[in-house]
Amino acid sequence: MRKRWLGLAILVAVYFFVVLVIPKPAAVKPEGWRLTGIFIATIVGTILRPVPSAALVLGAVALVSLVGGLTIQQALAGYGDPTVWLVMAAFFISRALINTGLARRIALLFVRLFGRSSLGISYALTLSDMVLAMMIPSNGARSGGVILPITRSIAELYGSSPGPTAALLGSFLMTAVYQGICVTTAMFLTGQASNALAAQIATQQFGYPVTWSSWFLAGLAPGLAGIFAVPWVVWKLNPPQIKATPEATAFARRELASMGAMSTSERILAGVFAIVCALWATSSIHLVDVTVIALCGAVALIITGVLDWSDVLQEHAAWEMFVWYGGLVRLGRALNETGVPTEFARAVAATFGGLGWVWLFGIALLIYFYAHYGFASITAHILAMLPPFVIVLLASGAPKGLVIYTFICFSNLAAGLTHYGTTPSPLFFAQGYVSLGTWWRVGFVASLVNLAIWSVVGFTWWKLLGYW
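Please read all numbers here as calculations on a predicted model, not as lab measurements.

A. Up close: the packing of helix α9 (residues 170–187) against helix α21 (residues 400–413). Between α9 and α21, the least distance of the axes is 7 Å, while the angle of their chain directions is 155°. Put simply, α9 runs roughly antiparallel to α21. As α9 packs across α21, the resulting crossing turns out to be right-handed. Here α9 contributes Cys182, Val183, Thr185 and Ala186 to the contact with α21, which in turn contributes Cys409, Asn412 and Leu413. The residue makeup of the contact of α9 with α21, split by class, is 5 nonpolar, 2 polar and no charged.

B. Looking closely at the packing of aromatic side chains. Per the counting criterion, the structure on display carries 32 aromatic pairs. Ring centres of Tyr370 and Tyr373 lie 6.3 Å apart, and the angle between their planes is 20°; this geometry places the pair in the stacked category. Taking the relative accessible area as the measure of exposure, Tyr373 reaches 26% and is therefore partly exposed. Ring plane angle 85° and centroid distance 6.5 Å describe the contact between Phe410 and Trp454, whose orientation is recorded as edge-to-face. Of the two residues, Phe410 is situated in helix α21 and Trp454 in helix α23 (residues 436–465); the sequence distance between them amounts to 44 residues. The burial state of Phe410 is the same as that of Trp454; both residues are buried. Three or more aromatic residues link up through ring pairs in this structure, and these residues are Tyr208, Trp357, Phe361, Tyr368, Phe389, Tyr405, Phe407, Phe459, Trp462 and Tyr467.

C. Quick look at a nonpolar patch on the surface. On the surface, a nonpolar cluster with roughly 570 Å² of combined accessible area is contributed by Val12, Phe16, Phe17, Leu20, Val21 and Ile22. With respect to the element layout, Val21 can be found in helix α1 (residues 2–21).

D. Structural context of the side chain of Asn412. Its location among the elements puts Asn412 in helix α21. In this structure Asn412 comes out as buried when scored by relative accessible area, which is 1%. A polar atom in the side chain of Asn412 sits 3.0 Å from the side chain of Gln192. Sequence-distant contacts of Asn412, that is, excluding residues within four places in its chain, are made with Cys182, Thr185, Ala186, Gln192, Asn195, Trp215 and Ile378.

E. Focus on the environment of Thr291. Structurally, the position occupied by Thr291 is in helix α15 (residues 290–303). For the pair formed by Thr291 and Ala166, sequence separation is 125 residues and the distance between their alpha carbons is 44 Å. When residues no more than four places from it in sequence are discounted, the contact partners of Thr291 are Pro82, Thr83, Trp85 and Leu86.

F. Quick look at the pattern of salt bridges. With the rule as written, the count across this model stands at 7 salt bridges. When the shortest N-O distance is used, the salt bridge between Arg254 and Glu247 registers 2.8 Å.

G. Up close: unusual backbone geometry. Its identity is not glycine, yet Arg49 carries a phi of approximately 55°, on the positive side. Its location among the elements puts Arg49 in the loop between α2 (30–48) and α3 (53–67). The class for Arg49 is partly exposed, based on a relative accessible area of 45%. If you check the backbone angles, Leu287 has positive phi at about 65° while not being a glycine. Looking at the element boundaries, Leu287 is found in the loop between α14 (283–286) and α15.

What counts and what doesn't
- Residues numbered from 1 in each chain as written.
- Predicted model: local features only at pLDDT ≥ 70, side-chain atom pairs only at ≥ 80, totals over all residues.
- Heavy atoms only, no water.
- Axes fitted to C-alpha atoms, helices over the stretch in contact; angles between N-to-C directions.
- Helix = DSSP H or I, 4+ residues; strand = E, 2+ residues; numbered from the N terminus.
- Parallel < 35°, antiparallel > 145°, perpendicular 65-115°, else oblique.
- Left-handed = near helix turned anticlockwise from the far one by under 90°.
- Contact = heavy atoms within 4.5 Å.
- Nonpolar A, V, L, I, M, F, W, Y, C, P; charged D, E, K, R; others polar.
- Phe/Tyr/Trp six-rings, centres within 6.5 Å; stacked < 30°, edge-to-face > 60°.
- Buried < 20%, exposed > 50% of the residue type's maximum accessible area, 1.4 Å probe, protein only.
- Patch = residues over 30% accessible without salt bridge, like charges linked within 9 Å, V, L, I, M, F, W, Y side chains within 5 Å.
- Areas by Shrake-Rupley, 256 points an atom, 1.4 Å probe, with all protein chains shown as cover.
- Salt bridge = Lys/Arg side-chain N within 4 Å of Asp/Glu carboxyl O.
- Polar contact = N/O pair within 3.5 Å; in protein donor to acceptor, adjacent residues only side chain to side chain.

Here's what the structure looks like:
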């Protein structure tokens, strides 16, 4: 309780410091400056977490209607945003994937195909996560509910447990699979929940539409390169003592046999999964809104009985996301309307006016990426740093598409640096297979590999796509 009140006191101090101490730009109205103070305090709160983030954002929504110049109707408008409901529908479909066992079946199929070596197992589980990331917008649900249990089961199959036998296989698998998950998270708009928030910022604040299909294309080439390069690098850095793992494929066969043939529910779900992803990928052709597609998919699962309404009500992660995401969408939009970001860009541009955009882009990217050592949440990182960095770079003349896709994708890759960078990291680290030093060493080297791949393959690929 003491920690909670101390954290809340810090947030109050942050608000008053912004409003009363920092000089208000002349072009910004007093209520806009108060809204800025609330927004910055909210960002600090998502880092300190004296109370759950959703509760914090809900409080911020109420406060901006009191002192931030918005009516309560305006403050609550974010909860009607289509992107919020897109992620909600994807959460509901992902619950069906886990409940029916289809997600686990997909992972076991990959292990059966590629699991004859320790490196092959890491590829199999990473590719499984890649497929599931097309629809499951919670990297914690994917890893905690599907990928991690299989990873640990295979390690224990070879007598590798936390402690003296961790190096046999488990230490490698935990680090390699986690680093692979960071790559798959960067590949899709549904890779993790705050990716949709980043897309929303790009679309509404900077006028650069980012859709599921455009993000899918952007992540395709660098993502596939990273999926195959990063686990191999980890295999060199943290090599397992057991290299050949034929028993893993036998394990997958036994587990698939015990699951039996695909149930009717799984078949329906597989069809809905494929149709929704196909329609998302071709939305620029048929022009049906991606949120409508996702909602229709979720409703189809409810009507057919694959997903029960009680499952929807009990999807706590989705409803928590709805509260913080809807509120942050509106707060971010309101902040942009105050003119504060524009004034910030002018000030920074005047300070670094002598640097060309290429040099500024490189420096900003490294600062942005390695600043994640100070964040325990991709969401907090995006909210705190994405808008101002993009504003400054666009003001310097950097290509909009290059800047947008670089920062929204690299926000996810940076989560591989530490054992607290995003939801799955503490889940994997807490298994006890990997020392803190090894985790951070692997994370840093993997970060260099990711930076190289996405800067070379990614930038070239985006140029070919016409994104910049």
